[in-house]
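Here's the letter readout for the chains.
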Amino acid sequence: MLGSVILLWIGFGLLFLLFRTRRPKNFPPGPRPVPIFGNLLQLNMANPLNDLRKLSERYGKVYSIYIGSMPAVVLNGLQAMKEALVTQSVEFAGRPEDLMVNHLSESKGIVLTNGAMWKEHRRFALTTLRNFGLGKRSMEERILGEISYIASHLENNAGKAIDSQILFHTASFNIICTVLFGTRYKHEDEFLQSTIRRITEITKILNGPWSMIYEMLPVLRHLPLPFQKAFQNVNMVRKSLADQVSQHKESWVPGEPRDLTDCYLDEMDKRGDDGSSFNEKQQIIYLLDLLFAGTDTTANTLLTAFLYLMTHPDVQERCQKEIDEVLGEKEQASYEDRHKMPYTQAMIHEAQRVADTVPLSVFHTTTKDTRLMGYHIPKGTVIIPNLSSVLSEESQWKFPKEFNPSNFLNDQGEFVKPEAFMPFSTGSRVCLGEGLARMELFLILVTLLRRFKFVWPEDGGVPDYTLIYGLTQTPKPYRLGVRLRDS
Ligand code: HEM
């Protein structure tokens with residue numbers, strides 16, 4: 001009996017030693033971690049943002065927490081974010097390499113890669129997106145093409161209240177698909193339905209307790225536990241993307257790209273076997289990354305924008321007045337028109353600020369030993385940029401706690417963009433779809449506000465602005481009341 005008690009204690013002792021956490025010297029301060037869990041039990045994992053804010057009040061703008069036995073530094077507020085991600089953009093440009101997301105993507109693609117693979121693919125993606133006149137159809141035309149489908153759906157449903165989630169997810173998915181594959185999909189299409197469903201399921205698992213267990217207890221990783229569902233879903237999406245690429249190859253004419261898939265085939269063709277990171281396997285994850293990064297983010301931002309427009313009719317009417325004045329007889333807005341629409345621009349930026357779409361950004365790591373605000377941060381430390389803390393930082397905004405386009409207007413009514421506006425993050429890892437996303441948001445909002453009035457449905461209950469926390473945040477589901485403006 002005594003023997004088993006001693007053995008049990010030795011077992012606990014070994015486990016304790018195994019998962020013991022000790023902050024490196026002069027590392028940012030933070031709450032005391034417990035073995036195995038680190039600080040995870042002290043955070044509300046369903047939505048840790050409030051707890052992270054309280055820790056910042058106690059430990060300062062740069063503090064550390066333990067995710068299991070892994071130390072991570074949390075950056076809060078504009079100054080810390082700039083000193084790390086901008087002033088030391090190279091030192092803070094890494095990505096973690098042993099999280100569940102890395103295993104899902106096999107550390108390929110863009111979002112989760114490091115070194116030459118990341119640099120080559122980021123440069124390639126930025127260039128192809130920027131030059132995306134691609135001879136025939138400009139990016140703007142592609143977006144306007146998709147908007148015409150949204151508009152006709154709204155026209156057919158004028159006078160009713162419709163499901164806003166499906167509408168904006170389908171639109172964002174289709175816009176990124178026209179860029180990647182040169183095609184859009186009908187709402188009932190199997191590829192569209194299954195891919196959006198799978199992306200949602202993967203995101204749900206990544207946000208949930210099973211991904212925490214995966215991170216904390218690597219011995220469990222091969223067991224048939226619910227996190228395996230995420231791997232199955234990724235494999236299914238990869239398979240559909242591989243089919244898309246095969247179909248492309250059948251009609252691909254080298255040097256005459258129709259879309260980003262063709263651009264990638266051209267690039268592989270050009271590079272041949274030069275040892276670069278462009279290859280068929282990498283292409284699939286590259287496409288997956290862009291599809292993943294470009295769907296939920298834009299859709300959830302639009303959902304927030306329309307929620308506030310419906311419930312702030314004064315803001316909606318002021319935008320419509322400005323849009324009418326600027327467009328005059330012109331049927332369709334162009335992206336250039338944004339310079340003449342300061343109030344509408346302010347409204348869109350304010351919607352992005354309160355949408356707080358990617359609250360904790362994508363985790364970074366340090367690429368070498370460095371210092372930040374007096375603290376020592378060793379190479380390979382996980383960095384959590386709390387973008388949410390900057391978008392609501394009291395000292396940076398005139399009205400940090402309310403939806404108010406005046407946050408982006410000066411005394412003369414001109415549009416100004418404060419430095420603290422960083423929903424796309426900042427520095428060398430800044431969102432590479434920023435240009436596309438901004439164009440989408442402007443053209444969709446302006447075109448729809450020109451033709452429709454959006455009203456909160458009479459039976460919609462009290463509007464709830466609480467965001468559902470996740471890798472990307474989203475408002476609670478609501479229905480969009482649509483009226484034709486000239487009726
Ligand atoms: C990265 C936000 C739309 C592609 C990011 C990051 C944020 C972000 C916060 C992390 C940056 C960092 O690690 O510091 C958003 C928001 C969007 C949006 C709020 C819409 C409103 C898009 C679109 C695309 C895209 C449409 C597709 C073209 C990417 C990629 C990365 C990224 C590829 C990884 C960049 C890298 O690691 O170098 N985005 N994004 N995003 N985004 Fe976006």
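Residues numbered from 1 in each chain as written. Predicted model: local features only at pLDDT ≥ 70, side-chain atom pairs only at ≥ 80, totals over all residues. Heavy atoms only, no water.

Novice: Which parts of the structure should I look at to understand the overall build of the protein?
Specialist: Assigned secondary structure in the protein consists of 16 helices and 11 strands. Expected size for 487 residues packed as a compact globule is a radius of gyration near 23 Å; at 24 Å, the protein falls within 12% of this value. Along the first, second and third principal axes, the C-alpha set of the protein runs to 85 × 55 × 45 Å. Within the span of the protein, comprising 487 residues, buried residues form 52% of the whole. Restricting to contacts in the protein with at least 6 residues of sequence separation, those with at least 24 account for 71%. (Helix = DSSP H or I, 4+ residues; strand = E, 2+ residues; numbered from the N terminus. Rg over C-alpha atoms; globule rule 2.2 N^0.38 Å. Buried < 20%, exposed > 50% of the residue type's maximum accessible area, 1.4 Å probe, protein only. Contact = heavy atoms within 4.5 Å.)

Novice: Looking at this structure, how should I read the site of the ligand?
Specialist: In the vicinity of the ligand lie 27 residues, with Arg122, His364, Ser425, Arg429 and Cys431 positioned nearest. Residue Trp118 places a side-chain N or O atom 2.8 Å away from an oxygen atom belonging to the ligand. Within the side chain of His364, one N or O atom sits 2.8 Å away from an oxygen atom of the ligand. Elements with a minimum of two residues in the shell around the ligand: α5 (115-130), α12 (280-311) and α16 (434-451). (Near = heavy atom within 4 Å. Polar contact = N/O pair within 3.5 Å; in protein donor to acceptor, adjacent residues only side chain to side chain.)

Novice: I tried to follow the confidence of the model for the protein on my own but got confused; where do I start?
Specialist: Parts of the model with low pLDDT should not have their predicted coordinates read in detail. This prediction gives the protein a mean pLDDT of 92; 94% of its residues lie at or above 70. Our summary of model confidence lists the complex with pTM equal to 0.93 and ipTM equal to 0.99. (pLDDT = per-residue confidence, 0-100.)

Novice: Explain the pattern of salt bridges to me, please; I cannot follow it from the model alone.
Specialist: Close approach of charged atoms allows side chains with opposite charge to pair. Per the stated rule, a full pass over the model turns up 24 salt bridges. The network of salt bridges with shared partners includes Glu120, Glu267, Lys270 and Arg271. (Salt bridge = Lys/Arg side-chain N within 4 Å of Asp/Glu carboxyl O.)

Novice: I keep staring at the packing of helix α7 (residues 164-181) against α16 and nothing clicks. Help me out?
Specialist: Helix packing geometry: the angle between the two helix axes and the distance between the axes. The geometry of α7 relative to α16 is characterised by a closest axis approach of 12 Å and an angle of 130 degrees between their N-to-C directions. When the axes of α7 and α16 are compared, the pair comes out oblique. Pair α7 / α16 crosses with right-handed handedness. Counted together, Ser172, Ile175 and Ile176 of α7 and Leu436, Glu440 and Ile444 of α16 form the full contact between these two elements. Residues that form the contact of α7 with α16 fall into these classes: 4 nonpolar, 1 polar and 1 charged. (Axes fitted to C-alpha atoms, helices over the stretch in contact; angles between N-to-C directions. Parallel < 35°, antiparallel > 145°, perpendicular 65-115°, else oblique. Left-handed = near helix turned anticlockwise from the far one by under 90°. Nonpolar A, V, L, I, M, F, W, Y, C, P; charged D, E, K, R; others polar.)

Novice: Explain the coordination of the iron atom of the ligand here, please?
Specialist: Note on metal geometry: ideal angles are 109.5 degrees for four donors arranged tetrahedrally and 90 or 180 degrees for six donors arranged octahedrally. No protein donor other than Cys431 (SG) coordinates the iron atom of the ligand, and that contact is at 2.3 Å. Following the sequence through the fold, Cys431 ends up in the loop between α15 (387-391) and α16. (Donors = N, O, S within 2.8 Å, 3.2 Å for Na, K, Ca; no water.)

Novice: For this particular structure, what's the right way to read the nonpolar core?
Specialist: Grouped burial of nonpolar side chains is what soluble globular proteins tend to show. The biggest cluster of nonpolar side chains holds 113 residues, and the ones touching the most others in it are Leu154, Phe306, Leu448, Phe454 and Leu480. Top element by residues in this core is α12. It accounts for 16 residues. Discounting residues that sit within four places of it in the chain, Leu480 has contacts with Leu154, Lys160, Ala161, Ile162, Ser164, Leu167, Phe168, Phe306, Met310, Phe454 and Val455. (Core = buried A, V, L, I, M, F, W, Y, C linked by side-chain atoms within 4.5 Å.)

Novice: Just to check I follow, could you spell out helix α6 (residues 139-156) for this structure?
Specialist: Residues spaced three or four apart along an α-helix point in a common direction, a consequence of the helix completing one turn every 3.6 residues. Here α6 contains 18 residues, and its C-alpha end-to-end distance of 27 Å stays within 8% of the 26 Å for a straight helix at 1.5 Å per residue. Looking only at α6, the buried set comprises Met139, Arg142, Ile143, Glu146, Ile147, Ile150, Ala151 and Leu154. (Expected span 1.5 Å × (residues − 1).)

Novice: Explain the sheet that holds strand β4 (residues 364-365) to me, please; I cannot follow it from the model alone.
Specialist: Either a parallel or an antiparallel arrangement is found when strands of a sheet pair, and the pairing is made through backbone hydrogen bonds. Strand order in this open sheet of 4 strands is β1-β2-β7-β4, and the pairing throughout is mixed. Strands at the two margins of the open sheet, each flanked by one partner only, are β1 (62-67) and β4. Packing against the sheet, helix α2 (residues 49-59) makes contact with β1, β2 (70-76) and β7 (382-386), and its axis sits at approximately 130 degrees to β1. The sheet contacts of helix α3 (residues 77-87) involve β1, β2, β4 and β7, and relative to β2 the element is tilted by about 120 degrees. (Pairing = 2+ DSSP bridges.)

Novice: I would appreciate a short explanation of the packing of aromatic side chains in the present structure.
Specialist: A ring pair, where both rings are aromatic, is described by two values, the distance of the centres and the angle of the planes. A full pass over the atoms with the stated rule returns 22 aromatic pairs. With a centroid separation of 6.5 Å and an interplanar angle of 55 degrees, the aromatic rings of Phe173 and Tyr185 are classed as tilted. Note that Phe173 is positioned in helix α7 and Tyr185 in the loop between α7 and α8 (190-207), a separation of 12 residues in sequence. Exposure class is identical for Phe173 and Tyr185. Each is buried. A centroid spacing of 6.2 Å and a plane angle of 70 degrees characterise the contact between Trp210 and Phe227, whose relative ring orientation is edge-to-face. Taken together, the residues span a long stretch of sequence, with Trp210 in helix α9 (residues 209-216) and Phe227 in the loop between α9 and α10 (228-251) at a distance of 17 residues. The class for Trp210 is partly exposed, based on a relative accessible area of 30%. Residue Phe227 is classed as buried on the basis of its relative accessible area of 0%. (Phe/Tyr/Trp six-rings, centres within 6.5 Å; stacked < 30°, edge-to-face > 60°.)

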